[in-house]
Each structure stands twice: as C-alpha cells, then as structure tokens.
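Structural characterization, general
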Amino acid sequence: MRQIVLDTETTGLEWKKGNRVVEIGCVELVERRPTGRTYHQYIKPDRDFEQGAAEVTGLSLEFLADKPPFADIADAFLEFIEGAELIIHNAAFDVGFLDNELSLLGPDYGNLRQRVTVEDSLLLARQRYPGQRNSLDALCRRLGVDNAHRQLHGALLDAQLLAEVYLALTAGQHEIGFGAAVEPERNTRHIVLSQPAGARPVLRVQAEELAAHAARIESIRKKAGVCLWEPVGVPAELEPA
C-alpha cells in the first residue's frame, strides 16, 4: 500500500478569502515504511500573507518572489501523489486549499479525491484520545516523537513528524500476523506415550443399560414424533453379557 503524508503552508486560514498555498511537503510510505522519497516545493502566491501567517511559517513574499506559481508545479505534484492514500492532519484544511488551487487551473484538473483517497490523522487521534489536545505538537509529546527542532511550521518538516506520529498512532493495525509461521516455544518437553502390551479390554453393555437406552429413545419419539438416535441394531461386540 502506498501512502503519502502531506502538509501545506498557506497565506492565511481560509481559501474562500483568497488565500493561497505557499508550500507543500510530502513523505512517501510503502507498506507503512518510509521509502526516502519526498516532495517539497515553495510556491509564489501572488498575494500577501494575512496578519500572523508569515510569523507562523517564517516565510515572506521576498523569499517566495522567485519561486514558481502553483500552475507550474501542479503536474509534478499530482504525479507524485497519484493513486496514493493521503495522510493529512486536519484534512479538510489542506484538501480545501489544494482543491481551490486546482480549480483555478481549470476544470480539466478536477479535485484531489478523483486521484487519491484521504485519511485524516486528526480524526484518528480524536477517536483514540477523546477530549484531549490532538495538535501535531501534542501528539508528538504523547507518542514520544522528537519535535524539539520544530521552531516554525514547515510543510516538509511537519509531514516528516506526522509520518512518525501516524505510524505510532496506528501501530498494530496492519500487523495482525495471519499466516505467520509460529516458532515452537523453547523449553518444551516432548513426551512419547508407549502403547500397552496385550489386547485392549472390551467393555460389554449390560442388559439394564440397553433397556434404559431404549426407554429414553421411546420417550423422545413420543414427544418429538421422530428420534435421530433410532436403534439400527447392536453390534455383536456390544451384545449384553
């Protein structure tokens, strides 16, 4: 299974107000293991940051001035994520912004969910830790993921941290172990039982036991109309003594 852990940085909190994506970071997982493949791109937004947004990311319009617009990187980005399951923390935010960017390119680009599936790690965290803080920083602390180097929000760094958080959050879900070889326990003693010498003893049915059995069968037949244990003859070795 191929998964892409994805994060974006933007000029503000709402794409409906005209805010744009300024950074995309992706980390590839295959069968829940990092492959070393990443995608990282800064993007020129052609609009200013909202108040406070630049401080959160450490980015500026001056830094982004020579970066490509989304239209120039869209094809490479979509090729990287095509057919994967996206792991996103608060997926509605990032998917909303990316779908908006695609819509600005025209109807031929469609939307993300036509190309990928999406798993929201925030919803997973809320299910596992209801009523607790489930931000990325909070989950790093709770799950033992080292985020001491995270001073600012950066898309690739956050995607790398989220990959570790997601694997810890879902540990055991994909490792049930059906079909795995079971190694014999150590310190196991094997005991071989020898067959007793001579003929096996024969226990013969007594007449009163046969009579009791027949009475029970007759009682069942009267109550149910039929009895599955109808006598079909007594083997010779079971003839009463």
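From a predicted model like this one, the values you see are computed outputs, not experimental measurements.

Focus: the sheet that holds strand β4 (residues 85-88)
If you walk across this open sheet you meet the five strands as β3-β2-β1-β4-β5, and the pairing is mixed. Looking at strand neighbours, the two that pair on one side only are β3 (33-42) and β5 (117-120), the edges of this open sheet. On average, each strand axis in the sheet is tilted by 25° relative to the strand beside it, whichever way the strands run. With nine bridges joining them, strand β1 (residues 2-10) and strand β2 (residues 21-30) adopt antiparallel strand pairing. Note that in β2 the partner of R2 across the bridge is V30. Along the sheet face, helix α4 (residues 91-103) touches β1, β2, β4 and β5 and points at about 80° away from the line of β1. Along the sheet, helix α5 (residues 121-128) contacts β4 and β5; its crossing angle with β5, the most-contacted strand, is approximately 40°.

Here we look at the pairing of β2
Burial of β2 is extensive: nine of the 10 residues sit out of reach of the surface. Sheet analysis places β2 next to β3, joined by seven bridges and oriented antiparallel. The residue bridging L29 from the neighbouring strand is P34, located in β3.

Thoughts on the pairing of β1
Buried residues dominate β1, accounting for eight of its nine residues. In terms of strand pairing, β1 meets β4 through three bridges, oriented parallel. Across the sheet, residue Q3 finds its bridge partner in β4, namely E85.

What about unusual backbone geometry?
Even without being glycine, E31 reaches a positive phi, approximately 55°. Within the secondary structure layout, E31 lies in the loop between β2 and β3.

Here we look at the packing of aromatic side chains
The final tally for this structure, using the stated rule, is four aromatic pairs. Both rings, one in Y39 and one in F77, keep their centres 5.8 Å apart while their planes meet at 45°; by these two values the pair is tilted. In this pair, Y39 is assigned in strand β3 and F77 in helix α3 (residues 70-81), connecting sequence segments 38 residues apart. Across the pair, F77 and Y39 agree in class, each one buried. Three or more aromatic residues joined by ring pairs make a cluster, and in this case those are Y39, F77 and F80.

Here's the deal with the confidence of the model for the protein
For the protein, mean pLDDT is 84; residues scoring 70 or higher make up 77% of the total. Looking across the protein, the model is least confident in helix α8 (residues 207-224), with a mean pLDDT of 80, and most confident in β4, with 98. Scored below 50 in pLDDT, residues 174-185 makes one contact in the model with residues more than four places away or belonging to other chains.

Section: the pattern of salt bridges
Within the structure shown, the criterion is met by six salt bridges. Salt-bridge contacts for R2 lead to E28; the nearest nitrogen and oxygen are separated by 2.6 Å. Of the two residues, R2 is situated in strand β1 and E28 in strand β2; the sequence distance between them amounts to 26 residues. Accessibility expressed as a relative area gives 25% for R2, which makes it partly exposed. Between K17 and E14 there is a salt bridge, with the nearest N and O atoms lying 3.9 Å from each other. Looking at K17, the relative accessible area reads 56%, which means it is exposed.

Parameters at a glance
- Residues numbered from 1 in each chain as written.
- Predicted model: local features only at pLDDT ≥ 70, side-chain atom pairs only at ≥ 80, totals over all residues.
- Heavy atoms only, no water.
- Pairing = 2+ DSSP bridges.
- Helix = DSSP H or I, 4+ residues; strand = E, 2+ residues; numbered from the N terminus.
- Axes fitted to C-alpha atoms, helices over the stretch in contact; angles between N-to-C directions.
- Contact = heavy atoms within 4.5 Å.
- Buried < 20%, exposed > 50% of the residue type's maximum accessible area, 1.4 Å probe, protein only.
- Phe/Tyr/Trp six-rings, centres within 6.5 Å; stacked < 30°, edge-to-face > 60°.
- pLDDT = per-residue confidence, 0-100.
- Salt bridge = Lys/Arg side-chain N within 4 Å of Asp/Glu carboxyl O.

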